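Examination of the molecular architecture
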Amino acid sequence: MLLRHDLNTGWTLRATGGPVPPAIAAATLPATVPGTVHVDLLAAGLIPDPYTGTNEAGLVWFHRSAWRYETTLTAEPAADGERVDLVFDGLDTVAAVELDGHEIGRTANMHRGYRFDVGRLLRAGAIPLTVDFASALEYAEEIERRIGRRPRAYAHPFNAVRKMACSFGWDWGPDLQTAGIWKNVRLERWRTARLAAVRPLATRDHLTVHVDVERAADVPLSVEVTVGAHRATFALPAGTDSGRVGIAVPDAPLWWPAGYGDQPLVPVTVTLLAAGETLDEYHTRVGFRDVRLDETPDEHGTGFTLLVNDREIFVLGLNWIPEDHLLTRPTHADLEAAVDRAVAANANLLRVWGGGVWESDDFYDVCDERGVLVWQDFPLACAAYAEEEPLRSEILAEARENITRLAPHPSLILLNGGNENIWGHEDWGWKAELDGATWGAGYYYRDFPALVAALDPTRPYHAGSPSSPGFDPADVHPNDDRHGTRHEWEAWNRQDYTFHDNFVPRFCSEFGWQAPPAWSTLTEALDPADLHQESPAFLLHQKAEDGNGKLNRGLAHHMRVPSDFADWHWATQLNQARATAYAVEHLRANAPRTMGSIIWQLNDCWPVTSWAMVDGAGRRKPAWYALRRAYAPRLLAFRQRDGVPVLAVVNDTDESWDSPVRLRRTTFDGTVLASAELELRVPARSVQIKTLTPELYAVTAAIGELLVADAVPVPGADRTSPAATRTAGALRAVHLFAEDKDLAYDADALSAEVTAVPHGFEVTVTARSFARDVAVLADRLAPSAEVDDMLIDLLAGESHTFTVTTTAAATAGATGTTGSADAIGRVLYSANRLC
């Protein structure tokens, strides 16, 4: 039986080259494995936290440094006929491995594992094992000199080394360029043969298991597969290194995405035997489901619809970047919490973006269990990638390894060739610089689809995001909204979020709007003196080109730009929330022509002004609450068609939506000027656009009127009674007839009462005049505080109760002698506050 011996403990770390500060250069310190050098230096107090202040800039010396990990291993020499392998699941990135003074291998790819036969080097006593890491930046510069520069979005040659691209910095991430043994290390001892690769491919009622073996002896082998109560075996005759077996599972429980059904997972065991003796075992879980991508041409262009078990899925997605720039720090519980925040926002898909990594099995396990679909990019992003050696072999090796590793996971629904590389080749001036040199087309159009077809034909492949499938990019633009996938960045970069109205994409796989992190996250990362737009520390945590300028110009379209930083912080967060809701409502209202929305992005990897819904400390920004509402299974939204408002009604459930909707045009003080009622009959999984009677939008005073639609009345109340207007409805849409900067808001429209409850307090807010986007920014009161909802629109006379969960001390501060007039008044915000 194959034996595994963990080698993660007992390592030390020291610098071996580069411009390392003297105190660090002289130190030998304990090393955590899996880990990276930054994490160990932080633990030893030798570097400041790179996520705070301007510390990132003070650590640029690390980019050209070299490091040595050292330990000793004790292992019995290999017996006759026994193989002993030293296995590294991941090395970041450019490394030389020595055992007992003998170099046994070199690596230059963090996205794959390495296995070395060391049986001949084992002896009695402690044997030194070292891993020397060279500068990935200097390696990439050397490769670029050797095979020629390729265009890229950023200064560092991240496209010349197989390392996480955003390790070199991005427009939301730090430039730390980590190094270290970032995955597990072990010794494996085995005889006769071992399982080199296992690919369990489950469809709706069938499991096919492919097995590759590595042999130490040319003898007959057999493989036994069990899945639930089903069992099958097949033989691997001498001289045969691979085989497969298919198992019909007619009683398989179907696995569904979140919102469509349950997520049953069935255990699978694969056992390798010789003459009845077990040599190796493999354990996993599978979910039984079919996956299909419909790209059928239609009257609009080329569709892009994902189907699971033959049911069309409107994708409610979020882009996923590494949860922490220091990749080894997030725990399984951290990943659960992060994915759960997506699920709580009603999302059903995460796209693992191509500038990060092939995500871990922990991540995929969590998604399998929660029914979160995963779109996995091949890790190539925003650059031209050479198709020459040494890159080509590494890219193909990592692809084979990871397609195989991820095969069991039912959540994996799509493999995508890369991020913005095809678009970049067409639009970003690369062709002249390339002058005919390779740029990655061979990967996207030949190698990757061939590998997917050979290794995992159960899943669809897409050449790149964005791209127009079936067309030469020179003939049909890869970002053409009529075909395939689209990234909508013109809105943020140069226009306004209302620019989304100009296009009806078949599937929008990136779009977004920036805002700073939560106030507590910002104040934990920056000193009070740095809390202004132009401070060096704030700008270091704003990586986007002209990011603050775009924030301010985006604000100016809709509201005044506050001079007070705290108000500016709220205004930019509010504008992000509105931009998020506006774009999502546009996409959902155009289903089934549009069949997917993947917002950029769910998470951050450090405290930064970015497009994330959840900041680097795990705090939910106002945009998260807006997204939860916009991604709700049932949605009301006012949209403009032919210059007048219409009501989009989205029913993404399995039940017909039969409900009255009350429509009113009112003044801000509550006077009803016009009203009507619609009786909804919206079939399951469908969208209807309802025209409105002209009196509902025949506005007489645009700065002081609004149009409101309510689908859910107060339980037990007469919909026409005054009582029905005292509490905000559960499903509401509001349309304003002018921009905030022109509206006649009452700046003092709100009052609040605070009541202590277990684990926090409740804030009941009442509006005497229309109040838009009411929020309790609870983390400004206490960093631990979290509110259950935000961005509530209150009509005159209505109330809403917010529940804040926090510590007892914060509860006392909110409900004590200072009361609502003081403590809560400081954190009670709305659009009215900005008038």
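Predicted, not measured: the structure shown is a model, and the values here were computed from it.

Close approach of charged atoms allows side chains with opposite charge to pair. This structure, assessed with the given rule, holds 69 salt bridges. The partner of Glu488 in a salt bridge is Arg486, and the shortest N-O contact between them spans 2.8 Å. Arg486 matches Glu488 in its accessibility class, with the two residues each being buried. Residues Arg772 and Asp740 are paired through a salt bridge, measuring 2.6 Å at the closest nitrogen-oxygen approach. A residue pair is termed long-range when its members are at least 10 positions apart, and Arg772 in strand 40 (residues 771–776) and Asp740 in the loop between strand 37 (732–736) and strand 38 (750–757) qualify at 32 residues. As far as burial versus exposure is concerned, Arg772 and Asp740 are alike and both buried. Salt bridges here are not isolated pairs; linked through shared partners, they connect Arg4, Arg83, Asp85, Asp89, Arg115, Asp117, Arg186, Glu188, Arg194, Glu214 and Asp280.

Below, the discussion takes up the layout of surface pockets. Estimated volume of the second largest pocket: approximately 1100 Å³. Contributions of two or more residues to the lining of the second largest pocket are made by helix 14 (565–589), helix 15 (622–630), strand 31 (634–641), strand 37, strand 40 and strand 42 (792–794). Class assignment of the residues belonging to the lining of the second largest pocket gives a composition of 22 nonpolar, six polar and 12 charged.

The next point concerns empty space enclosed by the protein. The tally for this structure, following the rule as stated, stands at nine cavities of 30 Å³ or more. Empty space within the second largest cavity amounts to approximately 70 Å³. Considering the residues around the second largest cavity, the lining is formed by Phe62, His63, Ser65, Trp67, Ala134, Ser135, Ala136, Leu137, Gln177, Thr178 and Ala179. Per-class residue counts for the lining of the second largest cavity are six nonpolar, five polar and no charged.

A pair of packed helices is characterised by two quantities: the angle between their axes and the separation of those axes. Where helix 13 (residues 547–556) meets helix 14, the closest approach of the two axes is 10 Å, and the angle between their N-to-C directions is 75 degrees. Our classification of the angle between helix 13 and helix 14 gives roughly perpendicular. Contacts between helix 13 and helix 14 pair Asn548, Leu551, Asn552, Gly554 and Leu555 from the former with Trp568, Ala571, Thr572 and Asn575 from the latter. Here the contact of helix 13 with helix 14 is built from residues that sort into four nonpolar, five polar and no charged.

With that settled, the discussion passes to the sheet that holds strand 2 (residues 11–17). Pairing within the open sheet is antiparallel, and its six strands lie in the order 3-2-4-9-6-7. At either end of the open sheet lies a strand with only one pairing partner, and these are strand 3 (28–31) and strand 7 (102–108). Strand-to-strand, the axes of this sheet are offset by a mean angle of 25 degrees, without reference to chain direction. Inspection of the sheet shows strand 6 (residues 94–99) paired to strand 7 by six bridges, in the antiparallel sense. By the bridge assignment for strand 7, Leu99 is matched with His102.

Let us now look at unusual backbone geometry. Residues Glu389 and Pro390 are joined by a peptide bond in cis, for which omega reads 10 degrees. As for its position among the elements, Pro390 is in the loop between strand 25 (373–377) and helix 6 (391–406). For the peptide bond that leads from Ser465 to Pro466, omega is 0 degrees, which places it in the cis range. The backbone phi angle of Asp435 is positive, close to 50 degrees, even though this residue is not glycine. As for its position among the elements, Asp435 is in the loop between helix 8 (430–434) and helix 9 (441–455). Positive phi, close to 65 degrees, is recorded for Leu791, a residue that is not glycine. Along the polypeptide, Leu791 turns up in the loop between strand 41 (786–787) and strand 42.

Right, let's talk about the nonpolar core for a bit. One recurring pattern in soluble globular proteins: nonpolar side chains tend to sit buried together. Residues Leu350, Phe363, Phe378 and Phe448 are the most contacted members of the largest nonpolar core, which totals 156 residues. Ranked by the residues each element gives to this core, the list is headed by helix 14, at 13 residues. In contact with Phe378, other than residues within four places in its own chain, are Gly354, Trp358, Ala399, Ile403, Leu415, Asn416, Gly417, Gly418, Phe448, Val452 and Tyr461. Counting residues in each nonpolar core, the second largest holds 41 residues, with Ile47, Trp61, Tyr114 and Val185 among its members.

About the cut-offs
Residues numbered from 1 in each chain as written. Predicted model: local features only at pLDDT ≥ 70, side-chain atom pairs only at ≥ 80, totals over all residues. Heavy atoms only, no water. Salt bridge = Lys/Arg side-chain N within 4 Å of Asp/Glu carboxyl O. Buried < 20%, exposed > 50% of the residue type's maximum accessible area, 1.4 Å probe, protein only. Helix = DSSP H or I, 4+ residues; strand = E, 2+ residues; numbered from the N terminus. 1 Å grid on protein atoms, 1.4 Å probe; cavity = no way out; pocket = protein on both sides within 12 Å on 5 of 7 lines; lining within 4 Å. Points joined across faces, edges and corners; volume = space filled by probe spheres on them. Nonpolar A, V, L, I, M, F, W, Y, C, P; charged D, E, K, R; others polar. Axes fitted to C-alpha atoms, helices over the stretch in contact; angles between N-to-C directions. Parallel < 35°, antiparallel > 145°, perpendicular 65-115°, else oblique. Contact = heavy atoms within 4.5 Å. Pairing = 2+ DSSP bridges. Core = buried A, V, L, I, M, F, W, Y, C linked by side-chain atoms within 4.5 Å.

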